[in-house]
Amino acid sequence: MEMGSGNNEKAGILTRGWRWMKDLPKNSFAKGVEIARQTKKIGQDDPRRVIHSLKLGLALTLVSLFYYFQPLYKNFGVSAMWAVMTVVVVFEFSVGATIGKGLNRGLATFIAGALGVGAHYLASMTGKVGEPIFIGLFVFLQAAVTTFIRFFPKVKARYDYGLVIFILTFSLVSISGFRTDEILDLAHKRLSTILVGASTCVIVSIFVCPVWAGEDLHNLVADHLEKLGNFLEGFGEEYFAGSVETEFKDNKSFLVGYKSVLNSKTTEENQANLARWEPGHGKFMYLHPWEQYLKIGALTRKCACRIEALNSYLNSEIKAPEEVFQRVQEICTIMSKESGQALKELSLAIRTMTKPSSPNRHIVNSTTAAQNLESLLKSGSWEDINLRRLISVAAVASLLIDIVISVEDIAESVTELATLAKFQSPELNVPESKIPSNAGISTKQLQVQDCPRVIISINLTPATDEVHQSQFQDSNQEAKQNVQV
């Protein structure tokens, strides 16, 4: 019996092994196809990732010249490896991250190297017996103090990598100096190669298809406002879809877009920290108010939390009577749509870096609707309706009122950002092709203010010919028909 069971077990192992070998080509091909599909998806989601990989290869090739050319290798020797290591650990996806890491590594190496040399000098004055004791004491004190400093939130956010390099460099320089008399030459070569590696990273990162963390933060905040605006624009009609046919019936993607806003705090804070390292570029000058983006982001998440609660009532099992829907439908729809349009206008203002104008009109409309809704809810016209069936509509109305308040706060923060960042005022140019060249008209750029229309004043020099006057009148009428805001 034992021999029979042993033979069966061996036969089972052989069978499984044969099946595995038989299926190996097919499984390998399927795995390769899956890897290729993931690779294509990653590249299509953000093509900058492919460019970043090529940039890292370029930077690493440049610093490898220390080994390719004999004159450079003679000057630095084995210490040239620190330049290669610096490129590998410093080069990051965005310019801000690369500059931040490069400066952290360079300054930390310089300061720690200088202190390490000083510690070695002081320890050497105590004699051969006391030197290792004092070096160990210095290493212990700097490591303990520096590690504790890393727990400070602001320090950890911007200088954590530099503190780690400080601990490493101080320990290496001070301890290595105990076994060699060429400590200054060692510190000089290490610092020089690290500076060369960090400089190469920064130059390649800035001048070869740069990726700016500040620009990513700018677009991210604008995208979040647009997602909230899309939800609110369609919520009113979606909520009352039982009584009205809506254009959003088949397309429900706008109902889930806001969810990415809820967990965006860490991403926004990281990008803001990296943006502070970046030099002025494009429309983002030095000392750009990145903190204001965090304020707008916090208000946006607060609004998104209320939208999350609002979304839960779309599929609620408790439905209000049709007569209740008819009373609040128009007001709730106006509040939701106007708030959504205001958020989308604010998103467009941030994206184009122009001062917001038309959102004020949408906010006024939504605030007026909210006041009307509050008056309706406080009226005594709900006594004949079942309270349990009225709760859901009252909750939706209350959340919409809170969202209108949140939109007002966001609008104030965006206006403050526009002031601090010196956003441009939206301008409207009168097409010169619509104005006769012989009419003597001087045109100026006109600023669009918070008004539904723009009044255009045209200065006409006296015409001596009636034909000229008729040409101007026809052209003026045509311009009035075409120029609207």
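Because the structure is predicted, anything quoted here is derived from the model rather than measured. (Residues numbered from 1 in each chain as written. Predicted model: local features only at pLDDT ≥ 70, side-chain atom pairs only at ≥ 80, totals over all residues. Heavy atoms only, no water.)

1. Topic: a nonpolar patch on the surface
Convention followed: For patch building, the residue pool is restricted to those with more than 30% relative accessible area and no salt bridge; the joining distance is 9 Å between like charges and 5 Å between nonpolar side chains (Val, Leu, Ile, Met, Phe, Trp, Tyr). Values of accessible area rely on a 1.4 Å probe in the Shrake-Rupley scheme; residue burial ignores everything except the protein chains shown. Criterion for a salt bridge: a side-chain nitrogen of Lys or Arg within 4 Å of a carboxyl oxygen of Asp or Glu. The numbering of helices and of strands both runs from the N terminus, where a helix is a DSSP run of H or I of at least 4 residues and a strand a run of E of at least 2. Using a 1.4 Å probe on the protein chains alone, a residue whose accessible area is under 20% of its type maximum counts as buried, one over 50% counts as exposed, and one in between counts as partly exposed.
Taken together, the side chains of Leu 58, Leu 62, Leu 65, Tyr 67, Tyr 68, Phe 69, Met 81 and Met 85 make up a nonpolar region of the molecular surface, amounting to roughly 740 Å² of accessible area. For the nonpolar patch, the secondary structure elements donating two or more residues are helix H2 (48–63), helix H3 (65–68) and helix H5 (81–90). For the nonpolar patch, the element with the highest residue contribution is H3, accounting for three residues. As for its position among the elements, Leu 62 is in helix H2. According to the relative accessible area criterion, Leu 62 is partly exposed, its value standing at 40%.

2. With respect to helix H8 (residues 153–176)
The test is simple: Any helix carries an expected span of 1.5 Å times its number of residues minus one. Note that the bend at a residue is defined as the angle between axes fitted to the seven residues ending at it and the seven residues starting at it. Only heavy atoms enter the contact rule, under which two residues are in contact if any of them lie within 4.5 Å.
The end-to-end C-alpha separation of H8 is 33 Å, in line with the 34 Å expected for 24 residues at 1.5 Å each. Tyr 159 marks where H8 bends most, by close to 80°. Inspection of H8 places Asp 160, Gly 162, Leu 163, Ile 165, Phe 166, Ile 167, Thr 169, Phe 170, Ser 171, Val 173 and Ser 174 among the buried residues, and these make up the whole buried set. Contact partners of the buried residues in H8: helix H6 (95–124), helix H7 (127–149) and helix H9 (183–207).

3. Observations regarding the UniProt feature "transmembrane region" (unreviewed entry) in the chain
This is how the line gets drawn: UniProt positions are given in the numbering used here, feature names are shortened, and annotations may be inferred rather than shown by experiment.
Annotation from UniProt places "transmembrane region" (unreviewed entry) at residues 50–70, 76–95, 107–127, 133–152, 159–179 and 191–213. Between the end C-alpha atoms of residues 107–127 the distance is 31 Å, and the span holds 90% helix and 0% strand. Helix makes up 85% of residues 133–152 and strand 0%, whereas the separation of the span's terminal C-alpha atoms amounts to 30 Å.

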